[in-house]
Amino acid sequence: MSSVARVTTITAYSETSFEDAISVGIARAASTLRGVKGAWVKEQKVKVDGDRVIEWSVTLEVTFVLEG
């Protein structure tokens, strides 16, 4: 069986960790897109206030299979 996939870019944020930002992004993508099969973490960034990290963000390339 053959299939066609598409990739979309999303950015997700967390006040906890990179892992949480990834989970938030995947959960949001899966709630909107059917057939999510994987994701590539393209970029990681942090937001800093003084000497503390206050926000973690990831840019994800999410792959999903097209229907029909």
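Residues numbered from 1 in each chain as written. Predicted model: local features only at pLDDT ≥ 70, side-chain atom pairs only at ≥ 80, totals over all residues. Heavy atoms only, no water.

I'd like a rundown of the side chain of T59, residues and numbers included.
Among the structural elements, T59 can be located in strand β3 (residues 52-65). The class of T59 is buried, set by a relative accessible area of 12%. There is a polar contact of 3.4 Å between the side chain of T59 and the side chain of T11. Beyond its immediate chain neighbours, meaning those up to four positions away, T59 contacts T9, I10, T11, W40, V41, K42 and E43. (Helix = DSSP H or I, 4+ residues; strand = E, 2+ residues; numbered from the N terminus. Buried < 20%, exposed > 50% of the residue type's maximum accessible area, 1.4 Å probe, protein only. Polar contact = N/O pair within 3.5 Å; in protein donor to acceptor, adjacent residues only side chain to side chain. Contact = heavy atoms within 4.5 Å.)

I'd like to hear about the environment of R6, residue by residue, with values.
As for its position among the elements, R6 is in strand β1 (residues 5-14). If sequence neighbours within four positions are ignored, R6 has contacts with V62, T63, F64 and L66.

Function-wise, these values are silent; they only describe arrangement.
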